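Observations on chain architecture
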Amino acid sequence: MKDQDRSVLGEWRWRRWALGSRVGGWHRWGGQREGASERVSGAQGAGGSVRKADFQLNSHLLTLENIHKIYHTLNKLNLTEDVGQDNHQTGSLRSCSSSDCFSKVTPPRKKRRPASGDDLSAKRSRHDSMYRKYDSTRIKTEEEAFSSKRCLEWFYEYAGTDDVVGPEGMEKFCEDIGVEPEKVVMLVLAWKLDAQNMGYFTLQEWLKGMTSLQCDTTEKLRNTLDYLRSLLNDSTNFKLIYRYVFDFAPEKDQRSLNINTAKCMLGLLLGKIWPLFPVFHQFLEQSKYKVINKDQWCNVLEFSRTINLDLSNYDEDGAWPVLLDKFVEWYKDKQMS
């Protein structure tokens, strides 16, 4: 053990011996504690403070002892080096200083090499690429989000200086979205916009309907057409659209549908789903009916959904309108002839 270590240990032992002397023989080196408890119990107040001071100092000394043990444990590990000055004392070792120990345990940190020109350009390129990707994503998100301003600008492409899209604007509108005006999907779109007059879309109807569809460009509406067509496959939606058409299609201030308009609308709505429609269309053409009222219109849909193709379940005494009674009679006579 080096002289420095002996002096540290000696000083530590002396302090511990001095502590034992103050409290009446606690932890004397080479002896036992004698009579400490009798002297301490003589004065309860002073004894309590002495025991507290003894405990704190003893804790500090134990900590120093542990540090000293750790210090010599490090010396026993590969943290010593040969002196090499005296050939006869090959086994003598010199304890390493704290800086030497840490230099052996901790590997040296590599200095960061300055980035070359190529590295800097590559780094800038990566940053630019990330920024462009973020910017394009942000722009794409803004384009996908519905914009009332963009929807308003889109409306005036067809309305011009007016606040309504008229027949000319409607024709251009249908051409842009790739749909013929007489297609049934245009009736569904008008229903979604809650348009009041056939062939016209007001500004209020446009904004309200396109907002519900989240469409503010021609492209978005094109992508929504399949959804609009699918609404016809739902029986509840179909019935709502069917009834809406009767209020939408009549000429201004008319409460009934002109027979020609009725045949056209029935063809759009029922032509592909009601097998008897061609026969019913023939009946309307040869009949003397000039208009169809709302009750007749609604009952035609119910008739197409509930009556068999051979009309076997039709009840002539039922609450069907006269129009359908005459159709059944005309159809049976035609079959017999």
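Please read all numbers here as calculations on a predicted model, not as lab measurements.

This part takes up the overall build of the protein chain. A tally of helices and strands in the protein chain yields 15 helices and six strands. When the accessible surface of the protein chain is summed, it comes to about 23,200 Å², and 51% of that surface belongs to carbon and sulfur atoms.

This part is about unusual backbone geometry. We note that Asp-194 has phi near 55 degrees; this positive angle belongs to a residue other than glycine. Relative to the helices and strands, Asp-194 is located in the loop between helix 8 (184-193) and strand 4 (201-202). You can call Asp-194 partly exposed: its relative accessible area is 36%. Of note in this structure, Leu-311 is not a glycine but carries a positive phi near 60 degrees. In this fold, Leu-311 is placed in the loop between helix 14 (294-306) and helix 15 (322-336).

Moving on, we come to helix 10 (residues 218-230). Note on helix geometry: an α-helix contains 3.6 residues per turn, so any two residues three or four positions apart are oriented the same way. Here helix 10 is 13 residues long and its end C-alpha atoms lie 19 Å apart, about the 18 Å a rise of 1.5 Å per residue gives. At Thr-224, helix 10 is bent by approximately 35 degrees, the largest bend along its length.

Attention now moves to the environment of Tyr-158. Considering the arrangement of structural elements, one finds Tyr-158 in helix 6 (residues 148-159). Here Tyr-158 falls in the buried class, since its relative accessible area comes to 6%. C-alpha of Tyr-158 to C-alpha of Lys-172: the two residues are 14 residues apart in sequence and 7.2 Å apart in space. Apart from the residues lying within four places of it in its own chain, the contact partners of Tyr-158 are Val-165, Gly-169, Lys-172, Phe-173, Asp-176, Trp-206 and Thr-218. A distance of 2.7 Å separates polar atoms of two side chains, one belonging to Tyr-158 and the other to Asp-176.

Roughly 340 Å³ of volume is contained in the second largest pocket. Taken together, Lys-183, Val-184, Val-185, Arg-229, Leu-232, Asn-233, Phe-238, Gly-267, Leu-268, Leu-269, Lys-272 and Ile-273 form the lining of the second largest pocket. If you list the elements that add at least two residues to the lining of the second largest pocket, you get helix 8 and helix 12 (259-270). Of the residues assigned to the lining of the second largest pocket, the class counts are seven nonpolar, two polar and three charged.

Here we take up the packing of helix 8 against helix 9 (residues 203-213). The geometry of helix 8 relative to helix 9 is characterised by a closest axis approach of 8 Å and an angle of 105 degrees between their N-to-C directions. Our classification of the angle between helix 8 and helix 9 gives roughly perpendicular. Where helix 8 approaches helix 9, its residues Leu-189, Lys-192 and Leu-193 are matched on the opposing element by Glu-205, Trp-206, Gly-209, Met-210, Ser-212 and Leu-213. When its residues are assigned to classes, the contact of helix 8 with helix 9 shows five nonpolar, two polar and two charged.

Working definition: two side chains of opposite charge can pair if their charged atoms are close together. On inspection of all chains with the given rule, the structure shows five salt bridges. Arg-150 is the partner of Asp-216 in a salt bridge, and the nearest nitrogen-oxygen pair spans 3.0 Å. Taken together, the positions of Asp-216 in the loop between helix 9 and helix 10 and Arg-150 in helix 6 put the pair 66 residues apart, joining distant regions of the chain. Arg-150 gets classed as partly exposed once you look at its relative accessible area, which sits at 25%. For Asp-247, the salt bridge is made with Lys-294, and the minimal N-O distance between the two is 3.5 Å. Separated by 47 residues along the polypeptide, Asp-247 in helix 11 (residues 235-248) and Lys-294 in helix 14 bring together distant segments of the chain. Owing to a relative accessible area of 48%, Asp-247 belongs among the partly exposed residues under this scheme. Residues joined by salt bridges that share partners form a network here, namely Arg-150, Asp-216 and Lys-220.

Attention now goes to the confidence of the model for the protein chain. Scored by pLDDT, the protein chain comes out at a mean of 78, with 63% of its residues at no less than 70. Note that pLDDT drops below 50 for residues 80-105; the model gives that stretch 23 contacts with residues more than four away or on any other chain.

Turning our eyes to something else, we now look at the packing of aromatic side chains. Applying the stated rule across the entire model yields 25 aromatic pairs. Ring geometry for Trp-274 against Phe-280: centres 5.6 Å apart, planes inclined by 50 degrees, an arrangement best described as tilted. Both residues of the pair, Trp-274 and Phe-280, belong to the buried class. Ring geometry for Phe-303 and Phe-327: centres 6.0 Å apart, planes at 75 degrees, overall edge-to-face. With Phe-303 in helix 14 and Phe-327 in helix 15, the pair connects residues that are 24 residues apart, well separated along the chain. Accessibility assignment for this pair places Phe-303 and Phe-327 in one class, buried.

What follows is about the nonpolar core. Nonpolar side chains in soluble globular proteins generally cluster together in the buried interior. Formed by 69 residues in total, the largest nonpolar core has its most connected members in Phe-173, Trp-206, Met-210, Leu-270, Phe-280, Trp-297 and Phe-303. Element by element, the count of residues in this core is highest for helix 8, at eight residues.

For the rest of this paragraph, the subject is helix 15. Between its first and last C-alpha atoms helix 15 spans 21 Å; for 15 residues at 1.5 Å apiece the expected length is 21 Å, and the two agree. The elements touched by buried residues of helix 15 are helix 13 (277-286) and helix 14.

Cut-offs and rules
Residues numbered from 1 in each chain as written. Predicted model: local features only at pLDDT ≥ 70, side-chain atom pairs only at ≥ 80, totals over all residues. Heavy atoms only, no water. Helix = DSSP H or I, 4+ residues; strand = E, 2+ residues; numbered from the N terminus. Areas by Shrake-Rupley, 256 points an atom, 1.4 Å probe, with all protein chains shown as cover. Buried < 20%, exposed > 50% of the residue type's maximum accessible area, 1.4 Å probe, protein only. Expected span 1.5 Å × (residues − 1). Bend = angle between axes of the 7 residues up to and from the residue. Contact = heavy atoms within 4.5 Å. Polar contact = N/O pair within 3.5 Å; in protein donor to acceptor, adjacent residues only side chain to side chain. 1 Å grid on protein atoms, 1.4 Å probe; cavity = no way out; pocket = protein on both sides within 12 Å on 5 of 7 lines; lining within 4 Å. Points joined across faces, edges and corners; volume = space filled by probe spheres on them. Nonpolar A, V, L, I, M, F, W, Y, C, P; charged D, E, K, R; others polar. Axes fitted to C-alpha atoms, helices over the stretch in contact; angles between N-to-C directions. Parallel < 35°, antiparallel > 145°, perpendicular 65-115°, else oblique. Salt bridge = Lys/Arg side-chain N within 4 Å of Asp/Glu carboxyl O. pLDDT = per-residue confidence, 0-100. Phe/Tyr/Trp six-rings, centres within 6.5 Å; stacked < 30°, edge-to-face > 60°. Core = buried A, V, L, I, M, F, W, Y, C linked by side-chain atoms within 4.5 Å.

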